Each structure stands twice: as structure tokens, then as C-alpha cells.
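Chain by chain, the residues run as shown.
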Amino acid sequence: MRTLTTLLALPVSAVLVMGLSSCSLFSSGTSTATKDLKVGDCYNTVSDKAGGNNPVGEVTVVDCAKTHTYEVVAQTTFPDDVDKLPNEGAVKSLGEGFCQGEDFTKYVGVEAGKSSYQIEYLSPSEDTWAKGDRHVTCVVAQGDKSEVKGSAKDSKK
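All values derive from a computational prediction rather than experimental measurement.

Draft legend 1. Layout of the overall build of the chain. Along the backbone of the chain there are 3 helices and 8 strands. By the burial criterion, 44% of the 157 residues in the chain qualify as buried. Put simply, of all contacts in the chain between residues at least 6 apart along the chain, 78% involve residues at least 24 apart. Carbon and sulfur atoms make up 50% of the accessible area of the chain, which totals about 8,000 Å².

Draft legend 2. Structural view of the side chain of Ser155. Within the secondary structure layout, Ser155 lies in the segment after strand E8 (135-141). At a separation of 3.3 Å, a polar atom in the side chain of Ser155 contacts the side chain of Tyr117. One polar contact links the side chain of Ser155 to the main-chain carbonyl oxygen of Ala152, over a distance of 2.9 Å.

Draft legend 3. Summary view of unusual backbone geometry. The phi torsion at Lys145 lies on the positive side, around 60°, for a residue other than glycine. Following the sequence through the fold, Lys145 ends up in the segment after E8. Residue class for Lys145 comes out partly exposed when judged on its relative accessible area of 32%.

Draft legend 4. Focus on the nonpolar core. Counting 19 residues, the largest nonpolar core has Val73, Cys99, Phe104, Val108, Ile119, Val140 and Ala152 as the members making the most contacts within it. Of all the secondary structure elements, the ones that give two or more residues to this core are strand E6 (70-77), helix H1 (88-99), helix H2 (102-108), strand E7 (118-123) and E8. Not counting chain neighbours up to four residues away, the residues in contact with Val108 comprise Val73, Tyr117, Ala152, Asp154, Ser155, Lys156 and Lys157. The next biggest cluster of nonpolar side chains, apart from the first, holds 10 residues, and it includes Tyr43, Val61, Tyr70 and Val72.

Draft legend 5. Just the packing of aromatic side chains, in detail. Following the criterion strictly, the structure yields 2 aromatic pairs and no others. Taking the centre distance of 5.1 Å and the plane angle of 20° together, the rings of Tyr43 and Tyr70 count as stacked. Here Tyr43 is found in strand E3 (residues 42-45), whereas its partner Tyr70 is found in strand E6, with 27 residues between them in sequence. You'll find Tyr43 and Tyr70 in the same group, each marked buried.

Draft legend 6. Region of the structure containing the state of the cysteines. This model, assessed by the stated rule, comprises 2 disulfides. Linked covalently through their sulfurs, Cys42 and Cys64 form a disulfide whose S-S length is 1.9 Å. Judged by the torsion about the S-S bond (95°), the Cys42/Cys64 disulfide is right-handed. Placement of Cys42 in strand E3 and of Cys64 in the loop between strand E5 (58-62) and E6 is noted, with a sequence separation of 22 residues between them. In this structure, Cys42 and Cys64 share a single accessibility class: buried. Covalently, Cys99 is tied to Cys138 through a disulfide, its sulfur atoms 2.0 Å apart. Disulfide Cys99-Cys138: the torsion about the S-S bond is -80°, which places it as left-handed. Separated by 39 residues along the polypeptide, Cys99 in helix H1 and Cys138 in strand E8 bring together distant segments of the chain. With a relative accessible area of 0%, Cys99 lands in the buried category.

Criteria and thresholds
- Residues numbered from 1 in each chain as written.
- Predicted model: local features only at pLDDT ≥ 70, side-chain atom pairs only at ≥ 80, totals over all residues.
- Heavy atoms only, no water.
- Helix = DSSP H or I, 4+ residues; strand = E, 2+ residues; numbered from the N terminus.
- Buried < 20%, exposed > 50% of the residue type's maximum accessible area, 1.4 Å probe, protein only.
- Contact = heavy atoms within 4.5 Å.
- Areas by Shrake-Rupley, 256 points an atom, 1.4 Å probe, with all protein chains shown as cover.
- Polar contact = N/O pair within 3.5 Å; in protein donor to acceptor, adjacent residues only side chain to side chain.
- Core = buried A, V, L, I, M, F, W, Y, C linked by side-chain atoms within 4.5 Å.
- Phe/Tyr/Trp six-rings, centres within 6.5 Å; stacked < 30°, edge-to-face > 60°.
- Disulfide = S-S within 2.5 Å.

Set out below in C-alpha cells:
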């Protein structure tokens, strides 16, 4: 199971504009391992207890035009020469630095510091690392984790 970590919580003043749908067209409400998420996937958590230091194993991927809580906005991987899961500080450093960077800005259309989204990231756990998981997946949500319709892509929020 992977870990979901919150980077920063910003006040949310508006609901996403409906009709923006750049998310995966193949999403049909199926359960997917978090390590298999792709940029543009929108999803809902399976458990209210998931997140923070609690593991997140599978999520339900949905079309972004339908109600959802999270959207994948960027991904990176640990380099191949890293042979064991880095300590929590190194994971946090990579997650925070990458998820608030250039890929976020390109996807959402505004810098992370000016965004109304709460930015979080999914990272490997000891279990998923042992199975080859090296992904750090950046996701956005409303600050109150309310469900939205529409994509964060080019929303400039």
C-alpha cells in the first residue's frame, strides 16, 4: 500500500468549472492500484481512513466529468540507482519539490503557490517498493476533500 501525504492546504473559494474533461477517457469507475495511476486520472478513495500516514492501496478511477475527489496532475520516479526506499525525509523532499514544480504549473496553468488546490502526493511504501514501485504521484483535491466535477487541467485554479 502507498502513502498519501498532504503538501499544503489552501483555502478553496470556488468549485471546479464543469465541462473541463482532460482526464483519462478510459476511466469507467474501476478499482485501480494507486501505483498504476496515470496523469489525468480522477479518482475517489476507497476508505475514509486512507491518507496522511495511512496506506492507500486501491482507488476507484472515474471519468473526470463525473464526481471525484482527486486528480493526478504529475508523476516522477526515483532513479534506477536507488535500490532501497529512501527515508521519510528524502521521500518528502522529492514529493514536495516535484509536486509543486513545473509539471504542476503546466498541468493546472498556474503556479502551485497561487493555486486554490490542496496538493498531495502518493509515494511507495516498503511493500510496494519491494514489488518495483518507484512512482511519486502528485494529486490535487479541494481543501475540504469535497467531490467536484471537471478537470484541474488548464483550470488556472
